[in-house]
Amino acid sequence: MIIVIKKAQFYTSCLFLLTFFLTIGCTSINSSNREDTPNNRTSAPSGITISNADSTKELRARIEQISQAAQGRVGVTATVLETGESVTVNGNQQFPMQSVYKFPIAMAVLAQVDQGKLKLDQKIRVETSDVVQGSRILDVKSQGMEFSLAELLKYMVSESDNTACDVLLRLVGEPRIVTEYLRSLGVNDIVVANTENELAQDRAVQYRNYAMPDAAVILLRAFHEGKGLSKSSQAVLLQLMTETTTGSKRIKGLLPDGTVVAHKTGTSSTVNGVTAATNDVGLVMLPNGRHMAIAVFVSDSKANDAIREEVIAKVAKAAWDEWSK
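Every value quoted in this text rests on a predicted model; they were computed, and no experiment measured them. (Residues numbered from 1 in each chain as written. Predicted model: local features only at pLDDT ≥ 70, side-chain atom pairs only at ≥ 80, totals over all residues. Heavy atoms only, no water.)

Q: Account for the pattern of salt bridges, naming residues and giving values.
A: Under the criterion given, the structure shown has 14 salt bridges. Among the ionic pairs, E196 bridges to K102, the shortest N-O distance being 3.5 Å. Of this pair, E196 sits in helix α7 (residues 196–201) while K102 sits in helix α3 (residues 102–114), and the two are 94 residues apart along the sequence. For the salt bridge of E322 with K325, the shortest nitrogen-to-oxygen distance reads 3.4 Å. Salt bridges sharing partners connect three or more residues here, namely E174, R176 and E180. (Salt bridge = Lys/Arg side-chain N within 4 Å of Asp/Glu carboxyl O. Helix = DSSP H or I, 4+ residues; strand = E, 2+ residues; numbered from the N terminus.)

Structure, rendered in structure tokens:
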């Protein structure tokens, strides 16, 4: 199966979403007073000013209560980008990303498109030897096929395809290149260290590919503000994240119908009743026209799939309710 992308229609849609969803270069607030941050990390979310400490404490308490159902470790950071209102629970702890790491990988790929090293319409051959478990683009019994870079990005981001991810990682160079790109954006607590194939071979490897919720929100802010990408590349990725087919019961799960959410999920397998990662990070359009960047990581959970996803949905809804007033 090959996705055919009609360029004019695709870019028109991208630019519409970019205009609708993002406010480029939103005003930064220099204060970084976070009552619930234990120390002044260089990667602490920028532009945070808490205008109502009591409501922030109530929101945090609500999130902590919701998190108990996960029977594991939950990390949350959420910020209204225009105002700096923020809440965090375990925001400076490391959590395995799983497929959340496809978001920074996509940014690194598009940055190379901006630099002229890659082209969206260039053809890349994918062989059966490239197939990673759960691939949607190629079956191990089929012949190799050619895909455009744009098609592989769509498979990787919107459908979370592992084979497309590894092909694009190889095209960029190696996982280390993605981490270096993140450092250039000032994101210090996200590490991309391994391929999807390596993750599939050894369960312990997933913990090397980690993010702190605080750092995930920093990356979302950088993306929202157009850092590290041209406007056209930013629009392409925004479109793909808005079209994400996975995790509809996570951040989006309890939000009003029609809410615009650009997000990337990540999920591990369950071994001996424990699920290492059930995650979702993204940008949410609030009804007042502002934008919420939110990262929710549920790690080493003994709860079932429905409860883990419900925890993420309830956390997102709690923040939505607080900041949609």
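Q: Can you lay out the side chain of D130 for me, pointing to particular residues and giving the numbers?
A: Relative to the helices and strands, D130 is located in the loop between β6 (123–126) and β7 (145–148). Taking relative accessible area as the criterion, D130 reaches 14% and is therefore assigned buried. Looking at D130, its side chain comes within polar contact range of the main-chain nitrogen of E127, at 2.8 Å. If sequence neighbours within four positions are ignored, D130 has contacts with R125, T163, V167 and R170. (Buried < 20%, exposed > 50% of the residue type's maximum accessible area, 1.4 Å probe, protein only. Polar contact = N/O pair within 3.5 Å; in protein donor to acceptor, adjacent residues only side chain to side chain. Contact = heavy atoms within 4.5 Å.)

Q: Summarise the pairing of strand β12 (residues 291–301); cite the residues concerned and give the values.
A: The buried count for β12 comes to 10 of 11 residues, which makes it a mostly enclosed element. Sheet topology note: the strand β3 (residues 73–80)/β12 ladder contains 8 bridges and is antiparallel. Across the sheet, G75 pairs through a bridge with F297, a residue of β12. Two successive antiparallel strands, strand β11 (residues 274–285) and β12, enclose a turn made up of 5 residues, where G289 displays a positive phi of approximately 90 degrees. (Pairing = 2+ DSSP bridges.)

Q: Let's hear about the packing of aromatic side chains: which residues, and what values?
A: Summed over all chains, the structure comprises 3 aromatic pairs. Ring geometry for F95 versus F297: centroids 5.8 Å apart, planes at 25 degrees, classification stacked. Linking F95 in strand β5 (residues 95–96) with F297 in strand β12, this pair joins segments that are 202 residues apart in sequence. Each ring, one from F147 and one from Y155, has its centre 6.1 Å from the other, and the planes form 90 degrees; the classification is edge-to-face. Of the two residues, F147 and Y155, both sit in the buried class. Above the ring of F95, the side-chain terminus of R73 is found at 4.1 Å from the ring centroid. (Phe/Tyr/Trp six-rings, centres within 6.5 Å; stacked < 30°, edge-to-face > 60°. Lys NZ or Arg CZ within 6 Å of the ring centre and 35° of its normal.)

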